[in-house]
Every structure is written in structure tokens, then in C-alpha cells.
Amino acid sequence: MFELLIYAIIILGFAAIWQLVRVVELSARLKGVDPNKVTESDNRLNGRLMLTFMIAMFGFSIWQFFAYKDRLLPTSGSAHGEEIDWLWDFNMIIIIIVFFITNGVLFFMAYKYYGRDNAKATFYPHNNKLEMLWTGVPAVVLFIIIFLGIKLWNNITEPAPANVRLIELYAKQFNWTARYAGEDNKLGKANYLLIQGANELGLDSTDKASNDDIIVKGEFHIPVDQEVNFRNRSQDVIHSMFMPHFRAQINTVPGIETYFHFKPIHTTEEMRKITGNPEFDYILMCNKICGASHYNMQMKIVVDSPKQYEEWIKQQKTFIPKVEEAKADAKPEADSMKADSLKK
């Protein structure tokens, strides 16, 4: 009932406004004035309103920047991310300058040259110098931006250096698993047909390279100031390896391996001091809407000093012991079932 009353009030309000407009039109006609004719005073008012709107828009834009700047990503945690941030800032400076100049000229022209009675417009169909100016300058600026972008992209996506630490990020609905190559720096073979029980990643236990692979969940660690090469796989649908604080993102596609490498430059503790946030953590997320529980696809990343990293990695179990533990856990149950069958 209350909602119906609200709707009725809104409808009556529009009807009252419509009737008020009609009254103004009829009053003007009685005075012998055409209500549809735009007068010079109307144009002058619109010009002033344009100038007022420009000032308000510029003021609001500047306020937004200072009000929300703390919600932007902090300084990059990777070496290539600093270059990305520089190129981003370079683009934003150009965009902001163009925004203020073009809109400033647009609204000022509307204010200064509002329609006046008996005014005549100058017929000015063409000017070669102006054409070259507003075509040439944007072309040069865009060329510089594209050149810098391609150069940076090639540097980021070039093959990782030899003997770089190798980590596989394995995505599935709806979690991440990290697999570290062992001392041989080789990841063992995997096949989706082998996925069962404890072997969630489908690793081939007959491949010796799998023996020293380390599998971790919940969080994974990487050392600071050392290049890390990520190999990415997906079990089911397209996911996206997204590490915003490292400015790193690449899709993980079923049946295809994708790669991304970077060098962390700030430990987690250092970033907590830089951001002034004692609870700051690097994070791995999925940047593809991969299903109903997409929001659960998060994994904590810890950037350690080299010494801390080596201590942590030594505490992790390798793949073969994990399989053996699973078999050991299953053996008592199997023995019990065998004993029951013998009794029968």
C-alpha cells in the first residue's frame, strides 16, 4: 500500500509540472510572446550555466582524485611493474592535460559566443594548418605511446632467463594450487587422466622429475630480488592468474600451458611498511568470472628474503612422500577389509 502511495505521488508530481509548463506557455501567448522562441537573454543564461558547469566539473574531478587516491594500488612489488606504472602515469598525464584543455575551450566558447540577436557567423570551411595541427599532434603522441607500450610488452613477455626458479600455478573451480620444481628445476609430467585421490594435479609418479616436486595450498612463497617463472594450467574452465601488486596477469586455459615471469623487489614486510598497513598481503586472484564461487579463488603470496625462503621451502614435503602417505593412510583400512573378508 505504501509503495502504491509513493508511485501515485510521483505520477501526480509529473502531472503538476506538466500543467505548470502549460500555464507558462498560455501566459506568454496572452502577452503576445512566442514561448518557443529562444531570446538573447536565454542564450546568455545558458552561456553562464555552461561556465558554471565547467567549473563544477573540474572541481569535482580534482576532488575525486584526492578523495580516492588512497584506494589505488600501492607501489609495484615487481621490477617490470615499476615500468608499467611509469607508462600508466605517462598516459594519464597526457589524458588529464587533454581533458582540461579541450573541455575548457569547449565550455568557454559556449559562454563567450552565446547566440546574440542580429549576429552573423563567419563562414570558415577549411584551414590546412589547423587540419595538420589537430591531425599531426595526436598522431605523434599516439605513435610515442604505442612504441613505448610495445617495447615494454616485449620486455615483459620475452622468455624467462635460463635456470630461473620454476613454479606451476594450477587453477580449478574454485581454488589455486602451487607446484614448485625441486632441485632439478624441472616439473614432472602431468595428465588429466591421472587425477584421483591425493594426486589432484594428475602428476605422473613414474616420471622421476615429479619425485621432488613440492605442492602447496593456501599460500605460497617466493624470494625477493630473484626472477620467478610461473607456468600455468587449468583443470576445467578458463581462469586468469592475476597478481595485481606485481602487475602480472595471464589466462590459464585447459589443455594449454601459459607462462609469466617477473622479479619481486619488495618483501611482504617491506610492503607493509611502504603502505603503512600492517595487515597487507600480496594476493593471487582469478580475473575471469569462472563460476558461482569465483570469489573464492584467492591465494596468499608471501615474498621472503632469500634466507627465509630457503628455510620455508625445506619444510615442505615433496610429491612422492605425499603419495606414499596417502597409501599408508589407506593401508590400515585395506587390511581391515581384508581381515573381515577372511573371517567371512
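So, here's what we can say about the structure. Remember, it's a predicted structure, so these values are computed and weren't measured experimentally.

1. Concerning the overall build of the protein
Along its length, the protein carries seven helices and ten strands. Over its C-alpha atoms the protein spans a radius of gyration of 33 Å, topping by over 25% the 20 Å that the globule rule assigns to 344 residues. When the backbone C-alpha atoms are referred to their principal axes, the protein occupies close to 115 × 65 × 40 Å. Counting only residues that meet the buried cut, the protein has 28% of its 344 residues in that class. Excluding contacts between residues fewer than 6 apart, the proportion of contacts in the protein whose partners are at least 24 apart in sequence is 71%. Carbon and sulfur atoms form 62% of the exposed surface of the protein, whose accessible area is close to 23,400 Å². Computing the positive centroid from 37 side-chain charges and the negative centroid from 39, the protein places the two 6 Å apart.

2. Considerations on the pattern of salt bridges
Applying the stated criterion across every chain, the model contains 14 salt bridges. For Glu40, the salt bridge is made with Arg44, and the minimal N-O distance between the two is 3.5 Å. Of this pair, Glu40 and Arg44 both sit in helix H2 (residues 40-68), four residues apart, roughly one helical turn. The salt bridge partner of Lys300 is Asp281, with a shortest N-O separation of 4.0 Å. In this pair, Lys300 is assigned in strand S10 (residues 298-304) and Asp281 in the loop between helix H5 (268-275) and strand S9 (282-286), connecting sequence segments 19 residues apart. One network of salt bridges, in which partners are shared, links Glu168, Arg179, Asp213, Arg231, Arg233 and Glu257.

3. Section: the packing of aromatic side chains
Centre distance and the angle of the planes are the two values used to describe a pair of aromatic rings. Summed over the entire model, instances satisfying the criterion amount to 18 aromatic pairs. Arranged with centres 5.5 Å apart and planes meeting at 55°, the rings of Tyr180 and Trp312 form a pair that is tilted. A residue pair is termed long-range when its members are at least 10 positions apart, and Tyr180 in strand S2 (residues 175-180) and Trp312 in helix H6 (residues 306-314) qualify at 132 residues. Where Tyr309 meets Trp312, the ring centres are 6.3 Å apart and the plane angle is 35°; that geometry is what we call tilted. Pair noted here: Tyr309 and Trp312 are both in helix H6, with a separation of three residues, about one helical turn. Accessibility classification places Tyr309 together with Trp312 in one group, the buried group. Members of the aromatic cluster, joined through ring pairs, are Phe220, Phe230, Phe246, Phe260, Phe262, Phe280 and Tyr282.

4. As for the sheet that holds S2
Pairing within the open sheet is mixed, and its five strands lie in the order S3-S2-S1-S5-S8. Looking along the sheet, the strands with just one partner apiece sit at the ends: strand S3 (214-216) and strand S8 (258-262). Between one strand axis and the next, the sheet turns by 25° as a mean value, whatever way the strands run. Here six bridges tie strand S1 (residues 165-172) to S2, and the two strands are oriented antiparallel to one another. Opposite Lys172, over in S2, you have Asn175 as the bridge partner. Against the sheet, H6 touches S1, S2 and S3, its axis set at about 100° to S2.

5. Quick word on the sheet that holds S10
As summarised here, the arrangement of the five strands in space is S4-S10-S9-S6-S7, forming an open sheet in which the pairing is mixed. The open sheet has two free edges, formed respectively by strand S4 (219-223) and strand S7 (248-252), since each of these has just one partner strand. Going across the sheet, the axis of each strand differs from the next one's by a mean of 25°, ignoring polarity. Where strand S6 (residues 239-243) lies against S7, five bridges are found, and the strand directions are antiparallel. The residue of S7 that forms the bridge with His239 is Thr252. Those strands touched by H6 are S4 and S10, and its axis lies near 135° from that of S4.

6. Examining the packing of H2 against helix H3 (residues 79-112)
Running from amino to carboxyl end, H2 crosses H3 at an angle of 160°, the nearest separation of the two axes being 7 Å. Classified by the angle their axes make, H2 and H3 are roughly antiparallel. At the point where H2 passes H3, the crossing takes the left-handed sense. On the side of H2, the interface is formed by Gly47, Arg48, Met50, Leu51, Phe53, Met54, Met57, Phe58, Ser61 and Ile62, while H3 contributes Phe99, Phe100, Asn103, Gly104, Phe107, Phe108, Ala110 and Tyr111. Looking at the contact of H2 with H3, its residues break down into 13 nonpolar, four polar and one charged.

Rules used throughout
Per chain, the residues get numbers from 1 upward, laid out in the order the sequence is written. It should be noted that, the model being predicted, local features are given only for residues of pLDDT at least 70 and side-chain atom pairs only at 80 or more, the latter also being counted only at that level, while totals for whole chains, interfaces and linings use all residues. As a convention, hydrogens and water are excluded, and side-chain values are obtained from all of the structure's heavy atoms. Numbered from the N terminus, helices here are DSSP runs of H or I no shorter than four residues, and strands are runs of E no shorter than two. Radius of gyration here uses only the C-alpha atoms, and the compact-globule reference equals 2.2 Å multiplied by the residue count raised to the power 0.38. Categorising residues by exposure relies on relative accessible area from a 1.4 Å probe, with only protein chains included: less than 20% of the type maximum marks a residue as buried, more than 50% marks it as exposed, and the intermediate range marks it as partly exposed. Note on definitions: a residue-residue contact is assigned when non-hydrogen atoms from the two residues lie within 4.5 Å. Here the accessible surface of atoms and residues is derived via Shrake-Rupley with a 1.4 Å probe, and residues count as covered only by protein chains that are part of the display. Positive residues here are Lys and Arg, negative ones are Asp and Glu, while His and the chain termini are left out of the count. A charge is said to be at NZ when it belongs to Lys, at CZ for Arg, at CG for Asp and at CD for Glu. Definition used for salt bridges: Asp or Glu carboxyl oxygen within 4 Å of a side-chain nitrogen of Lys or Arg. Aromatic contacts are taken between Phe, Tyr and Trp rings whose centres are within 6.5 Å, Trp giving its six-membered ring; a plane angle under 30 degrees counts as stacked, one over 60 as edge-to-face, and the others as tilted. DSSP calls a pair of strands paired once it identifies at least 2 bridges connecting them. Here the axes come from fitting lines to C-alpha atoms, over the contacting stretch only for helices, and the angles between their N-to-C directions go from 0 to 180 degrees. Note on angle classes: values under 35 degrees are labelled roughly parallel, values over 145 roughly antiparallel, values of 65 to 115 roughly perpendicular, and the remainder oblique. Left-handed describes a crossing whose near helix is turned anticlockwise from the far helix through less than a right angle; right-handed describes the clockwise counterpart. As a working rule, the residues Ala, Val, Leu, Ile, Met, Phe, Trp, Tyr, Cys and Pro are called nonpolar, Asp, Glu, Lys and Arg charged, and the rest polar, with Gly in that last group.

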